[in-house]
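# Coordinates in review
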Amino acid sequence: MPLAIQCRDLRKTYDGKVEAVRGLNLEIESGECFGLLGPNGAGKTTTIEILEGLLPPSSGQVTILGKTWESDARELRESMGISLQETRLAEKLTVRETIDLFASFYREPRLSDDVLDELQLTEKSNAWVGKLSGGQRQRLAVATALVGNPKVLFLDEPTTGLDPQSRRQLWDIVRGFQKRGGTVLLTTHYMEEAERLCDRLAIIDHGEVIAAGTPAELIARLGGHHVVEFAASGEQNDDSTDQWKHLPGVESVHRENDGLVCLHVREPHLTVPALLDLIVKQNSQLLHLSTRQASLEDVFVRLTGRHLRED
Amino acid sequence: MAVSEPPPKLKDSPGPKQLALLHNGRWSGFTHLLAARMTELWREPEVMFWVFVFPLLLALGLGIAFRDKPADVTPVAIVAGSDAESTLAMIERSPEHALIHAQIAERNAALKGFRLGKYDLVIEPDSASEFHYVYDPARPESVLSRREVDDALQSAAGRKNPLTTATTVSSEPGSRYIDFLIPGLIGMNVMNAAMWGIGFALVDMRQRKLLKRFVGTPMRRSDFLTALASSRILLMFVEVVLLLGFGVFFFHMRVMGSWLAILLVGTFGALAFSGIGLLSASRAQKIETASGLMNLIMMPMWIFSGVFFSYERFPAVLHPFIKALPLTALNDALRATVLEGASLASQSGRLLVMAVWGVLSFLLALRVFRWT
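What counts and what doesn't
- Residues numbered from 1 in each chain as written.
- Chains lettered and ligands numbered in written order.
- Predicted model: local features only at pLDDT ≥ 70, side-chain atom pairs only at ≥ 80, totals over all residues.
- Heavy atoms only, no water.
- Helix = DSSP H or I, 4+ residues; strand = E, 2+ residues; numbered from the N terminus.
- Rg over C-alpha atoms; globule rule 2.2 N^0.38 Å.
- Buried < 20%, exposed > 50% of the residue type's maximum accessible area, 1.4 Å probe, protein only.
- Contact = heavy atoms within 4.5 Å.
- Areas by Shrake-Rupley, 256 points an atom, 1.4 Å probe, with all protein chains shown as cover.
- Lys, Arg positive; Asp, Glu negative; His and termini not counted.
- Charge placed at Lys NZ, Arg CZ, Asp CG, Glu CD.
- Pairing = 2+ DSSP bridges.
- Axes fitted to C-alpha atoms, helices over the stretch in contact; angles between N-to-C directions.
- Domains from an automatic or database assignment.
- Buried area = accessible area lost by both parts, 1.4 Å probe.
- Salt bridge = Lys/Arg side-chain N within 4 Å of Asp/Glu carboxyl O.
- Polar contact = N/O pair within 3.5 Å; in protein donor to acceptor, adjacent residues only side chain to side chain.
- pLDDT = per-residue confidence, 0-100.
- 1 Å grid on protein atoms, 1.4 Å probe; cavity = no way out; pocket = protein on both sides within 12 Å on 5 of 7 lines; lining within 4 Å.
- Points joined across faces, edges and corners; volume = space filled by probe spheres on them.
- Nonpolar A, V, L, I, M, F, W, Y, C, P; charged D, E, K, R; others polar.

Moving on to the overall build of chain B. Helix and strand content of chain B: 13 helices and 4 strands. Relative to the 2.2 N^0.38 estimate, which gives 21 Å for 372 residues, the radius of gyration of chain B is 31 Å and therefore markedly larger than a compact globule would have. In terms of principal-axis extent, the alpha carbons of chain B reach across some 120 × 45 × 40 Å. The 372 residues of chain B split such that 45% are buried. Long-range pairs, those at least 24 residues apart, make up 75% of the contacts in chain B between residues at least 6 apart in sequence. When the accessible surface of chain B is totalled, it reaches about 19,500 Å², and 63% of it is carbon and sulfur. With 36 positive and 30 negative side-chain charges, chain B shows a spacing of 17 Å between the two charge centroids.

Structure below.
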């Protein structure tokens, strides 16, 4: 498959000091939905804005659809749609006026009516932008990106702050675009979004890709697809995890700040009875026990020792 | 590659080739930007007030304050004493009595009133035939008053004029203060509206990241900026017609030049100040920064450019600098076309001044403009 987006050794330094992006490489295929997953401040927005041609990189190469920003800026703008992390569109224009305005910038835009319909904004087409709900505003922001009939769609945190229903609506819209052959690059710090929407992901931290692959591959790299979390009385607050590491089926152990111990396991039905036996043997009591499927959050914690969203 | 689960309730999306597409011409972006700008302004009640209502109120207030009074009566005080009554009688039987309002007052009260501007002159009769005037040579009305009172007393005492003179009263429209004022107000309003209108709009859009969003589309940047300037020209037409029409209906102004010439002069002004507004807001991230800068730029012009009074009052050395200011050029050209019916060709120097300001600041703004 031809590459839709490619960047090599991308670097961005602000004011000669702050290194927001440090040598980033990405290869995104045509028709893919690719996610940049990482905590706030990881460099996701800087990266996507460089790819969008809104920010010059300090060094490195960017190629979009085989073209570069230096030589084909106008052509690239015609074939991509973007939604910034936060854009407050003019409050006193109506939804339709806003879409018509954005459509007017493109040589061959889609019909505003079709886009309104696709984004379920037809009912709101004569409402002022200032009167829209958060979900409607975000759909409008994506509508302004889709009206130009782009080949590549850039979405910077498209669902941040949205309720679950609005979030799902947006996912449907992104899937619809992808189904028509479009390529999507989105940033998110919601692991659920990354897992369910993206074909492939790059996990970004401190301006670098620390892991990349399909969500399933990334989770598989943990060694276990399941997580057993427990807390036990008398469990010393030392960092030693050796006693748990040797339980059957345990691939890795990780200790949370609040005293929980996380075991990444292959076969929970072997691990859990052995764990209970060991706790009884140690004369301590089980205070908490749960098992669940491993998620990208676990991958991130495993790689960085931190959570994606630390409030 | 992970297969994402099938979308639960998505409508049948058309394939890439089935999408209906429009074909936009070269100016579609520009016309939509201009239409959007005008729509936004129309929906902003404060803008309507500042652009249209406020200048009319200002013109009305100033027009009333400086309306032509029937005659300039000078208030004078006669210091109380034995000869005060006879002095008053002399003034009242003189031919100039209608122009002088004399009052007898205690000496201290008279001098205090003089200092406070209540009286233009104090008359101190030393005897029935000797008078002493207290006047201030720096106050024109005091100088005038001394002359009138002196004439009144001399002729009351029997002075005969060697010459016979006659006068014709003239207060024709065209030479009154309101005639001077209205073109100045139009000029000032064109400046204020263009600077604030463009400056605020730009900083606001920059803060909202709307500028950044726009440059993420194939929109031509020059289309955006010219649409913004064009919206000011359209508004300027309305402002000029309103203010000038107001002068014609309320103050019976006579518009000597053609309205087309006047609107063209206004267009040059609107372009000059759009350029300057663009430049002053080309980098600011906050409204405060931009408004401080714009006040700094406009302040000298409010004072020097002859809005409320003629710049002839400033020393002649300053005149070349004052005339190089865009508002001076606009005000002078407006007064020449409105009041004297001057042709556009005769105003080419002033139009050039405005064009140079507009073009230079527009080009400079394009270079330093911050879109993000």
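To continue, consider the overall build of chain A. What chain A contains, in helices and strands, is 11 helices and 13 strands. In terms of its C-alpha atoms, chain A occupies a principal-axis envelope of roughly 75 × 45 × 40 Å. Going through the 311 residues of chain A one by one, you find that 55% of them count as buried. Contacts in chain A between residues far apart in sequence, at least 24 positions, make up 68% of those at least 6 positions apart. Accessible surface, chain A: about 13,300 Å² in total, of which carbon and sulfur atoms supply 46%.

On to the pairing of strand β10 (residues 226-232) of chain A. Residue and element names in this part refer to chain A. β10 sits mainly inside the fold: 6 of its 7 residues count as buried. Both β10 and strand β13 (residues 286-293) contribute to a ladder of 7 bridges, which runs antiparallel. Bridge pairing links Ala-231 to His-288 in β13.

All right, on to the sheet that holds strand β12 (residues 261-265) of chain A then. All names here are of chain A. Taken together, 4 strands build an open sheet; the order of strands is β11-β12-β10-β13 and the sheet is antiparallel. What marks the edges here is a single partner per strand, and that holds for β11 (250-255) and β13. Along the sheet, successive strands turn relative to each other by an average axial angle of 20°, direction set aside. Of the pairings in the sheet, the one linking β11 to β12 comprises 5 bridges and is antiparallel in character. Pairing of Val-250 across the sheet is with Val-265, part of β12.

A separate point is the domain arrangement of chain B. In many reports, interface size means the accessible area that the parts give up when they come together. Assigned domains of chain B: these are domain 1 (28-65 + 176-368) and domain 2 (74-156). On a C-alpha basis, the centres of domain 1 of chain B and domain 2 of chain B stand 49 Å from each other.

Taken together, the contacts link 45 residues of chain A with 42 residues of chain B. Roughly 4,400 Å² is buried in total at the junction of chain A and chain B, and carbon and sulfur atoms are behind 57% of that figure. Of all residues in chain A, A:Lys92, A:Phe105 and A:Arg180 give up the largest surface area on contact with chain B, accounting jointly for 15% of the area buried on that side. At the junction of chain A and chain B, the tally comes to 4 salt bridges. Residue B:Arg43 is joined to A:Glu97 by a salt bridge in which the shortest nitrogen-to-oxygen separation is 2.9 Å. Taken together, the links from chain A to chain B amount to 17 residue pairs in polar contact (both at pLDDT 80 or more). Among the secondary structure elements, those contributing two or more residues to the side of chain A that touches chain B are α2 (69-78), α3 (95-103), α4 (112-118), α5 (134-146) and α6 (164-179) of chain A.

Residues and elements named next belong to chain A. Here we have 3 strands laid out as an open sheet, ordered β2-β1-β4, and antiparallel in their pairing. The open sheet has two edge strands, β2 (18-29) and β4 (59-64), and neither has a second partner. Direction aside, neighbouring strands of the sheet carry axes that sit 15° apart on average. Where strand β1 (residues 3-14) and β2 come together, 9 bridges link them in antiparallel fashion.

All names here are of chain A. Under the criterion given, the structure shown has 29 salt bridges over all chains. Between Glu-157 and Lys-44 there is a salt bridge; the shortest N-O distance is 3.5 Å. Of this pair, Glu-157 sits in the loop between β6 (152-156) and α6 while Lys-44 sits in helix α1 (residues 44-51), and the two are 113 residues apart along the sequence. Both residues of the pair, Glu-157 and Lys-44, belong to the buried class. Several salt bridges converge on common partners, so that one network encompasses Arg-74, Glu-75, Glu-78 and Arg-107.

Model confidence for chain B is summarised by a mean pLDDT of 86, while 92% of its residues fall at 70 or above. Complex prediction metrics read pTM 0.79 and ipTM 0.87.

Moving on: the confidence of the model for chain A. Mean pLDDT over chain A works out to 89, with 96% of the residues at or above the 70 mark. Helix α9 (residues 242-245) of chain A is the least confidently modelled element of chain A, averaging 81 in pLDDT, while α3(A) averages 97, the highest of any element.

Right, let's get into the environment of A:Ile28. Following the sequence through the fold, A:Ile28 ends up in strand β2. Each C-alpha atom of the pair A:Ile28 and A:Ser166 lies 27 Å from the other, and the pair is 138 residues apart in sequence.

Here we come to the layout of surface pockets. All names here are of chain B. In this structure, the largest pocket spans a volume of roughly 740 Å³. Leu-41, Val-47, Trp-196, Gly-197 and Phe-200 are the residues nearest the centre of the largest pocket, which is lined by 26 residues in total. Of all elements in the fold, only α1 (28-42), α2 (45-65) and α6 (177-207) reach the threshold of two or more residues within the lining of the largest pocket. Considering each element in turn, the lining of the largest pocket owes the most residues, 10 residues, to α6. Across the lining of the largest pocket, the residue classes tally to 14 nonpolar, 3 polar and 9 charged.

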